[in-house]
Amino acid sequence: VGVVRAAQHGTLLLDEIGDLPLLSQTALLRLLQEHEVTPVGASRPIKVDVRVIAATHQPLDTLVESGRFRQDLYARIAGYVTQLAPLRERIMDLGVIIGSMIARRTVSLPEGVRFHRETTRALFSYRWPMNIRELSQALSAASALSSSPVIMPQQLPAWVVASQTESSSLPVNAELNPADEALKSELLARLNETGGNLSEVARLMGKARQQVQRWLRRFHIDPQQYRR
């Protein structure tokens, strides 16, 4: 029956919609606009009732401007838009994320698994440039190498463990990339706005106080300078 009709009265997830060819975009627009599909070999369309969620790593607004993504289709799928921050910006959520992975069995960790203290430190120190997939693979590999319910640091990838020994702060005169520059500017603005109140800074930035403290160390910022 196809994935659209299989999702009848349910939710259809369209992953990497930014990579959809223009011809397929036209077909998808008809689905969203007319709420119907024409099965292969059929002569009449069939009405469908599905909720659609789309995901992409592409900047769809830029693709619209360049003509690679239909503007009318973008208008149809952009009813509500949310951006998921990369894992390196959600390190404080790592425990919750790993717990969810275990509960959903997306990683092959045994029941009752525990992490050695140094293992936990390494997991929280690493930046996870490849996000959730890298975390999932690292945990699955560590579980396969472990002969006990305790995951030891030597069972993690070497580059993950190495991050624990590296300093998390930048050199004082280091040149920042645009993302770090924007983060530092927002942090300084919030410090100035709150008079150096870290709890209030964390609330305004939607982050844990511990994360704010890490950023202060990383950018060599002394919050005392902003205290009134």
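For clarity, every value in this text was computed on a predicted model and none was experimentally measured.

Definitions and cut-offs
Residues numbered from 1 in each chain as written. Predicted model: local features only at pLDDT ≥ 70, side-chain atom pairs only at ≥ 80, totals over all residues. Heavy atoms only, no water. Helix = DSSP H or I, 4+ residues; strand = E, 2+ residues; numbered from the N terminus. 1 Å grid on protein atoms, 1.4 Å probe; cavity = no way out; pocket = protein on both sides within 12 Å on 5 of 7 lines; lining within 4 Å. Points joined across faces, edges and corners; volume = space filled by probe spheres on them. Nonpolar A, V, L, I, M, F, W, Y, C, P; charged D, E, K, R; others polar. Polar contact = N/O pair within 3.5 Å; in protein donor to acceptor, adjacent residues only side chain to side chain. Buried < 20%, exposed > 50% of the residue type's maximum accessible area, 1.4 Å probe, protein only. Pairing = 2+ DSSP bridges. Phe/Tyr/Trp six-rings, centres within 6.5 Å; stacked < 30°, edge-to-face > 60°. Contact = heavy atoms within 4.5 Å.

What about unusual backbone geometry?
Peptide bonds are, in most cases, trans, and in most cases residues other than glycine have a negative phi.
Okay, so step 1: Despite not being glycine, H35 has its phi angle at roughly 55°, a positive value.
Okay, so step 2: Inspection of the secondary structure assignment puts H35 in the loop between α2 (22-34) and β2 (36-37).
Okay, so step 3: Look at N131: it is not a glycine, yet its phi comes out positive at around 60°.
Okay, so step 4: As for its position among the elements, N131 is in helix α7 (residues 131-145).

Remarks on the layout of surface pockets
Okay, so step 1: By volume, the largest pocket is sized at about 1500 Å³.
Okay, so step 2: In this structure, the largest pocket is lined by 39 residues; those nearest its centre are A54, A55, T56, H57 and T82.
Okay, so step 3: Of all the secondary structure elements, the ones that give two or more residues to the lining of the largest pocket are α2, β4 (51-55), α3 (60-66), α4 (71-77) and α7.
Okay, so step 4: The element that contributes the greatest number of residues to the lining of the largest pocket is β4, accounting for five residues.
Okay, so step 5: Classifying every residue of the lining of the largest pocket gives 22 nonpolar, seven polar and ten charged.

Looking at the environment of Y126
Okay, so step 1: Mapped onto the elements of the fold, Y126 is located in the loop between α6 (117-125) and α7.
Okay, so step 2: As a C-alpha pair, Y126 and A162 span 36 residues in sequence and 8.4 Å in three-dimensional space.
Okay, so step 3: A distance of 2.7 Å separates a polar atom in the side chain of Y126 from a polar atom in the side chain of E134.

Here we look at the pairing of strand β1 (residues 11-15)
Okay, so step 1: Burial along β1 is one-sided: L12 and L14 are buried, while T11, L13 and D15, pointing the other way, are not.
Okay, so step 2: Pairing of β1 with β4 involves five bridges; the strand directions are parallel. Looking at β4, one finds that T11 is bridged to R51.

Quick look at the packing of aromatic side chains
Okay, so step 1: Counted by the stated rule, this structure contains one aromatic pair.
Okay, so step 2: Note on Y126 and W128: the rings are 4.7 Å apart at their centroids and 85° apart in plane angle, and the pair reads as edge-to-face.
Okay, so step 3: Taking the relative accessible area as the measure of exposure, Y126 reaches 11% and is therefore buried.
Okay, so step 4: The class for W128 is buried, based on a relative accessible area of 0%.

Some details on the environment of A78
Okay, so step 1: Here A78 is to be found in the loop between α4 and α5 (94-103).
Okay, so step 2: You can call A78 partly exposed: its relative accessible area is 26%.
Okay, so step 3: Remark: the alpha-carbon pair of A78 and P21, spanning 57 residues in sequence, is separated by 18 Å.

Quick notes on the side chain of S143
Okay, so step 1: Residue placement: S143 occurs in helix α7.
Okay, so step 2: According to the relative accessible area criterion, S143 is buried, its value standing at 14%.
Okay, so step 3: Ignoring any residue separated from it by four or fewer positions in sequence, one finds S143 in contact with S108, L109, P110 and I151.

Spatial relationships are all this shows, so hold off on functional conclusions.
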